[in-house]
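# Results of the structural survey
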Amino acid sequence: MSNNTKVTTPPAPQQGTVPAPLSQQHALLQIKDTRVWYTTITGEARVVDGVDVTINKNEVFGLAGESGCGKSTLVEGVLRLIKSPGHIKSGHVLFTYPKSVNGEDTTVDLFTMGLNEVRPLRWQHIAYVPQGAMNSLNPVMRIEDQIADAILEHSKTTKAKAMANVRQRLDMVGLPASVAHMYPHELSGGMKQRVTIASAITLRPELLIADEPTTALDVNVQKVILQELLDIRKQLNLTIVYVSHDMAVHAELADRMGIMYAGVMMEVGTTIQIFKDPLHPYTQGLIHSIPDIGKERKRVEGIPGLAPSPLAWPNGCRFHPRCPHVKDICKRVEPPLLEARPGRLVACHIYSELWDKAS
Amino acid sequence: MRFLIQSWKVSGKFKFGVITISILIVLALIAPFIYMPFTQGQIPARPGVFAPWMLPSPQHPLGTEGAGRDVLGDFLGGLQATLLIGFLAGIAALAVGVVFGFVAGYEGGTVDTILTTFTNMLLVIPSYPILVGLTLVVPQKTLFTLAFILALFSWPFAARTIRAQVIGMKNQSYVELAKVSGQNDFRIIFTELMPNLIPYLLMSFAFSTVGAMVGEVGISIIGLGPTDSITLGMMINLAGGWGAYTRGLWAILIVPPAVLILIFVSITMVNRGMEEYLNPRLQNVTGK
Amino acid sequence: MYYFRKVITYLFTIWGAFTLTFFLFRLLPGNPVEAWVATLQRQYSVSSTSIASTADYYKQQFGLNGPLGEQYVRYMYQVFIKGNLGPSFVNYPDPVQVLILRRLPWTIFLLGVSVLLSWFLGIIVGLFAGWFRESRLSSMITNVAIALSQIPAYLIALFLVLFLGYQLGIFPTRGAWDAQYPIGFNLPFILSALKHAILPVTSIVLVSVAGWILTTRSLIVTQLGEDYLNYAEAKGLKPWNIMRRYALRNIMLPQTTGLALTLGAIFNGQLLIELLFVYPGLGDLLNIAINDYDFNTVLGIILISILSVMTASLLIDLALPLIDPRIRTQIQAA
């Protein structure tokens, strides 16, 4: 895995297709200064409020953070699934994919494209495993029809071939062929989740975005499904963005991780780095709140304080009201996401040169 | 109260409905002051005061009808009577509905089964034939007895709505808490359930009112209205086999049905406005 | 067990509703024979002894003799065991069922066409109104539908008759066909029947289409919040396909159920419309019968109505588990 990709300032995003610069050949998805806000009676809820992160080809990128930090909204924004009263306030999402005609890569900005232009990319290049598969399947359609409809929409294949594809994908996620004829209510939660995974991989997309796919399932089923995801990823050369609040899941699955808090990215690094040596005080808090099994029992430390409201994020560093190291500068200046160590980004004043001098 | 203010703020329909129905009610209240000069001080229902089928003139701005009554007087008196019938029947239906709904919903079990089965039986009997049958034979068919008869057919809907709401609320934690802490049932009903049910009571009332008025028009239109007053429905009957049409008396043809429609529309809008406040999904535009 | 309970409820409700109706009418002061006898006495001054025997004879014919309980048992036996609704008074001695059967086709035609037409139009308009719920046209349609939904159809009919019938003279306002054409399967008759149906059907449709628009719209709006619609969009399905295959498909079950219930209720919905248009259906018959205290005919019409409402709802209860796999599972689980 290319863990130490150098993140440089990206070129100014343009409308539509942009040739990928050499320095970013490995980047599959570049999320830049993305803001997704919700208009409410009491004002704008700045749920995602300026996220910058790059997802590389063939990695599993774990997106972590407490619930309400905006991680689901971020991926829904990337997928262009935000519905009114939510809206994309600003930002660019550059997606690089191979165009089948001449084998060359094309980069598009998902945010400036019209929905009609985004539609052909869906499922063929970007697939999605939704949060809560329970309600994501149409209750009055057979499983096979639900999976096949995306195939038939995007390719000029025959119905028989599409059905054969469906069987094969169901098999890949460990479901018997008989499931194809069933209706969603006849399946267990784990089976439904597998169906959404099978559906997502029918057209061999480059990018799979999975939003808390296993959260509602019991631990055993969760483990099996995670293993299946990893197998599938190997077989199909997938890039996966995996959203979860569960650090233990990320530890098992992710190559690199991004930690979100209050609508912004606090820290990005490899999973090993983040678990071994978390830089941001918030990340440190998250890691410490995982109970260590096998080690001497000690009280699990949560992070004191409450998560802030997207209607009024704290000034300066958004974490400062809960931060044990808070200094005056944290209350005034919002720290940018900078490379603190090679390949590691963190948004915290502690790692700036000014920290020691600050009061 | 807060609920009404919120509905007013949220829903344009509610505003429209409240304003329209208020204007009509005020018109009905001051009706005698308006029609007295044209009816020579008589109550509108008294027949044969004037020559029949007179065309509009300064003495009779809307003309007179076949029974020799002033059409303006008919109309204003009819508006009064129709609204009064609806109001009385609505109150009566609500009262019965509340008792049935609360007892069935709160008690549950066998009592509920019996009451619900009975309500359902009443709901499947076509009401119009029976309404007509009753109005044919009832000895003193005044406005009040008629309202009472109409209420007989309006309460099952109210009972059903209220029962559903009571059942929904009964299992909520604050009611269970009150029960566990040993409060008696009446107290729970009046202090915990009633306040939360007010919107639904208002809606049931409005619904029963409309139902009763529709029923009143239905029987008055075939000439079976109250004997002591004129209603808007009776005016439609009085237009008399289109005698009014051939004589060019447009007012009596158009005004009563138009005003009835306005009444129904405005009450429906009030109801819908309240529903929209309770269930924002119904609003035309969400968010924003 | 589920089916058994449904059938029992069905029979019990029919029995209860019908019994209530029976006693209500018997307890009303006045009965047809007495009224008729009174007229006879007044007009022909027949001696009271011969009157008494005549009255007794007819009371027996109409099942009005003996104590109330006995009348009830006799009537129920005759109706439910022998399938005979008794002689009619308005058309003596024709039995009520003959009278009803003669008029039934007209009511079924008028109301059937109206219900199906409003259902079809309402679903289409409601689908678009719900799908584009934020558009101005949609909220306009919705507001108009809300306004129309609670207006009795006969008030609308008054205006239609006045303007399209009387003033412009485009459509006929009385009867079901021109008497000059023989009833039967011939084109002039059919065209004439259709032409006569236009005003009554339009009045009913204008009101009931509003109801269908509103229910469809709100079902669709509920759908829009469902995860599976969002998911279908994520799959890159075209909006048109999502609307048809996901949104519309999911509302067809409740709307078809609604259609069946409405069809079941066609005998008690629009009696006044028939009256207003002098349409030879059950509503017209009912009016004649009630004015003559013809208990047998009135009860017969009410029975038809109760039976039809209850049968529609029973059929739905029995058919739903076959159509909707979710309900089947629930029943099996229970």
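Residues numbered from 1 in each chain as written. Chains lettered and ligands numbered in written order. Predicted model: local features only at pLDDT ≥ 70, side-chain atom pairs only at ≥ 80, totals over all residues. Heavy atoms only, no water.

### Observations concerning the sheet that holds strand S7 (residues 126-129) of chain A
Residues and elements named next belong to chain A. Pairing is mixed across the open sheet formed by eight strands, whose spatial order is S7-S8-S9-S4-S10-S11-S13-S12. One side of each edge strand has no neighbouring strand; the edge strands of this open sheet are S7 and strand S12 (338-341). Shown here is a sheet whose adjacent strand axes are inclined to one another by a mean of 25°, direction ignored. Sheet analysis places S7 next to strand S8 (residues 207-211), joined by four bridges and oriented parallel. Paired with isoleucine 126 across the strands is leucine 207, a residue of S8. Of the strands in this sheet, strand S10 (256-261) and strand S11 (264-270) are in contact with helix H9 (residues 281-288), which crosses S10 at around 105°. (Pairing = 2+ DSSP bridges. Helix = DSSP H or I, 4+ residues; strand = E, 2+ residues; numbered from the N terminus. Axes fitted to C-alpha atoms, helices over the stretch in contact; angles between N-to-C directions. Contact = heavy atoms within 4.5 Å.)

### As for the domain arrangement of chain C
As assigned here, chain C comprises domain 1 (14-81) and domain 2 (105-292). Here the C-alpha centroids of domain 1 of chain C and domain 2 of chain C sit 40 Å apart. (Domains from an automatic or database assignment.)

### Remarks on the packing of helix H6 (residues 136-149) of chain C against helix H8 (residues 187-224) of chain C
All names here are of chain C. Their axes nearest at 8 Å, the elements H6 and H8 cross at an angle of 130°. The angle between H6 and H8 places the two elements in the oblique class. Of the two possible hands of crossing, H6 and H8 adopt the one that is left-handed. Note on element contacts: H8 touches H6 through Leu206, Val207, Ala210, Ile213, Leu214 and Arg217, opposite Ser138, Ile141, Thr142, Ala145, Ile146, Leu148 and Ser149. Its residues assigned to classes, the contact of H6 with H8 comprises nine nonpolar, three polar and one charged. (Parallel < 35°, antiparallel > 145°, perpendicular 65-115°, else oblique. Left-handed = near helix turned anticlockwise from the far one by under 90°. Nonpolar A, V, L, I, M, F, W, Y, C, P; charged D, E, K, R; others polar.)

### Observations concerning the pattern of salt bridges
Evaluation of the coordinates by the stated rule reveals 26 salt bridges over all chains. Across the pair lysine 71 of chain A and glutamate 212 of chain A runs a salt bridge whose closest N-O atoms are separated by 3.6 Å. Residue lysine 71 of chain A is located in helix H1 (residues 71-78), and its partner glutamate 212 of chain A is located in the loop between S8 and helix H6 (219-236); the two are separated by 141 residues in the primary sequence. For the pair formed by lysine 71 of chain A and glutamate 212 of chain A, the shared burial category is buried. The closest approach of N and O atoms between arginine 74 of chain C and glutamate 70 of chain C, which form a salt bridge, is 3.1 Å. Of this pair, arginine 74 of chain C and glutamate 70 of chain C both sit in helix H4 (residues 68-81), four residues apart, which is roughly one turn of the helix. Overall, the relative accessible area of 41% leaves glutamate 70 of chain C in the partly exposed class. (Salt bridge = Lys/Arg side-chain N within 4 Å of Asp/Glu carboxyl O. Buried < 20%, exposed > 50% of the residue type's maximum accessible area, 1.4 Å probe, protein only.)

### Looking at the nonpolar core
The nonpolar side chains of a soluble globular protein tend to be buried with one another. Residues Ile263 of chain B together with Leu155 of chain C are the most contacted members of the largest nonpolar core, which totals 138 residues. Residue contributions to this core peak at 13 residues, all from H8 of chain C. Residues lining this core come from more than one domain, with at least three contributed by each of domain 1 (14-81) and domain 2 (105-292) of chain C. Apart from the residues within four sequence positions on either side, isoleucine 263 of chain B is in contact with Ile21, Leu24, Leu79, Leu83, Met213 and Leu232 of chain B. Formed by 102 residues, the second largest nonpolar core is a distinct cluster that contains Leu74, Met172, Val173 and Ala180 of chain A. (Core = buried A, V, L, I, M, F, W, Y, C linked by side-chain atoms within 4.5 Å.)

### Section: the interface of chain A and chain C
Often, the extent of an interface is quoted as the loss of accessible area on bringing the components together. Opposite the 27 residues of chain A that make contact, chain C presents 20 residues. When chain A packs against chain C, close to 2300 Å² is buried across both sides, 52% of that on carbon and sulfur atoms. Of all residues in chain A, Val140, Glu153 and His185 of chain A give up the largest surface area on contact with chain C, accounting jointly for 24% of the area buried on that side. One can count three salt bridges joining chain A with chain C. Residue lysine 83 of chain A pairs with glutamate 233 of chain C through a salt bridge whose shortest N-O separation is 2.7 Å. Listing elements by their share of the side of chain A that touches chain C, those giving two or more residues are helix H3 (143-154) and helix H5 (189-200) of chain A. A total of five residues in the side of chain A that touches chain C trace back to one element, the largest contributor, which is H3 of chain A. Looking at side-chain class alone, the side of chain A that touches chain C contains ten nonpolar, eleven polar and six charged residues. (Buried area = accessible area lost by both parts, 1.4 Å probe.)

### Description of the packing of aromatic side chains
The tally for this structure, following the rule as stated, stands at 27 aromatic pairs over all chains. Where phenylalanine 25 of chain C meets phenylalanine 295 of chain C, the ring centres are 6.1 Å apart and the plane angle is 65°; that geometry is what we call edge-to-face. Here phenylalanine 25 of chain C is found in helix H1 (residues 2-27), whereas its partner phenylalanine 295 of chain C is found in helix H14 (residues 295-323), with 270 residues between them in sequence. In this structure phenylalanine 25 of chain C comes out as buried when scored by relative accessible area, which is 3%. Of the residues examined, phenylalanine 295 of chain C reaches a relative accessible area of 6% and is grouped as buried. Pairing phenylalanine 159 of chain C with phenylalanine 163 of chain C gives two aromatic rings, centres 6.5 Å apart and planes at 10°, and the pair type is stacked. Of this pair, phenylalanine 159 of chain C and phenylalanine 163 of chain C both sit in helix H7 (residues 153-167), four residues apart, which is roughly one turn of that helix. On the basis of relative accessible area, phenylalanine 159 of chain C is assigned to the buried category, the value being 19%. Taken together, the ring pairs connect Phe18, Phe22, Phe23, Tyr72, Tyr75 and Phe80 of chain C into an aromatic cluster. Lying over the aromatic face of tryptophan 355 of chain A, lysine 327 of chain A brings its terminal NZ or CZ to 4.4 Å of the ring centre. For arginine 26 of chain C, the ring lying beneath its charged end belongs to tyrosine 75 of chain C, and the centroid distance is 6.0 Å. (Phe/Tyr/Trp six-rings, centres within 6.5 Å; stacked < 30°, edge-to-face > 60°. Lys NZ or Arg CZ within 6 Å of the ring centre and 35° of its normal.)

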